[in-house]
Amino acid sequence: MSWLSKWWRGGGREVVRDGLLQAADERLKKEIVKKLRLLLATLDKLDISGVRGKLTEIIEYVEAQ
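Below you will find a few notes about this structure. Computed from a predicted structure; not experimentally measured.

The next point concerns the packing of aromatic side chains. Scanning the entire structure with this criterion turns up one aromatic pair. Measuring from ring centre to ring centre gives 6.4 Å for Trp7 and Trp8, while their planes differ by 50°; the resulting arrangement is tilted. Residue classification places Trp7 among the partly exposed positions, given a relative accessible area of 37%. The exposure class assigned to Trp8 is partly exposed, which follows from its relative accessible area of 36%.

Below, the structure is given as structure tokens:
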């Protein structure tokens, strides 16, 4: 049995899973923060229809995750 196979069976599977979950979580946080910053910029301009649209986009994006 190769070292890779031993590592995979001895807990490597969990290491890979946890790493992927953490990366996905960080990506999601970055996307949400990006959208919230855009929303703040829209609020600065007092564009109410734009705010409603961006809030709707954020809600749909988070629900899809």
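Here the focus is the packing of helix α1 (residues 3-44) against helix α2 (residues 48-64). At a minimum axis distance of 9 Å, the contact between α1 and α2 shows a crossing angle of 170°. Of the possible angle classes, the one that applies to α1 and α2 is roughly antiparallel. Residues Arg27, Leu28, Glu31, Ile32, Lys35, Leu36, Leu38, Leu39, Thr42 and Leu43 of α1 lie in contact with α2, whose contacting residues are Gly50, Val51, Lys54, Leu55, Glu57, Ile58, Tyr61 and Val62.

As a further point, take the pattern of salt bridges. With the rule as written, the count across this model stands at four salt bridges. Among the salt bridges present, the one from Lys35 reaches Glu57, with a minimum N-O distance of 3.9 Å. One end of the pair, Lys35, is in helix α1; the other, Glu57, is in helix α2, and 22 residues separate them in sequence. The exposure class of Glu57 is partly exposed, given its relative accessible area of 36%. A single salt-bridge network, built from bridges that share partners, covers Lys35, Lys54 and Glu57.

Turning to α1, a few remarks are in order. The terminal C-alpha atoms of α1, which comprises 42 residues, lie 57 Å apart, in line with the 62 Å expected from a rise of 1.5 Å per residue. The largest bend in α1 comes to about 75°, at Gly11. Looking at α1, one finds that the buried residues are Gly12, Leu39 and Thr42. Contacts made by the buried residues of α1 are with α2. Looking at the residues trailing α1, positive phi occurs at Leu46, about 55°.

Conventions and cut-offs
Residues numbered from 1 in each chain as written. Predicted model: local features only at pLDDT ≥ 70, side-chain atom pairs only at ≥ 80, totals over all residues. Heavy atoms only, no water. Phe/Tyr/Trp six-rings, centres within 6.5 Å; stacked < 30°, edge-to-face > 60°. Buried < 20%, exposed > 50% of the residue type's maximum accessible area, 1.4 Å probe, protein only. Axes fitted to C-alpha atoms, helices over the stretch in contact; angles between N-to-C directions. Helix = DSSP H or I, 4+ residues; strand = E, 2+ residues; numbered from the N terminus. Parallel < 35°, antiparallel > 145°, perpendicular 65-115°, else oblique. Contact = heavy atoms within 4.5 Å. Salt bridge = Lys/Arg side-chain N within 4 Å of Asp/Glu carboxyl O. Expected span 1.5 Å × (residues − 1). Bend = angle between axes of the 7 residues up to and from the residue.

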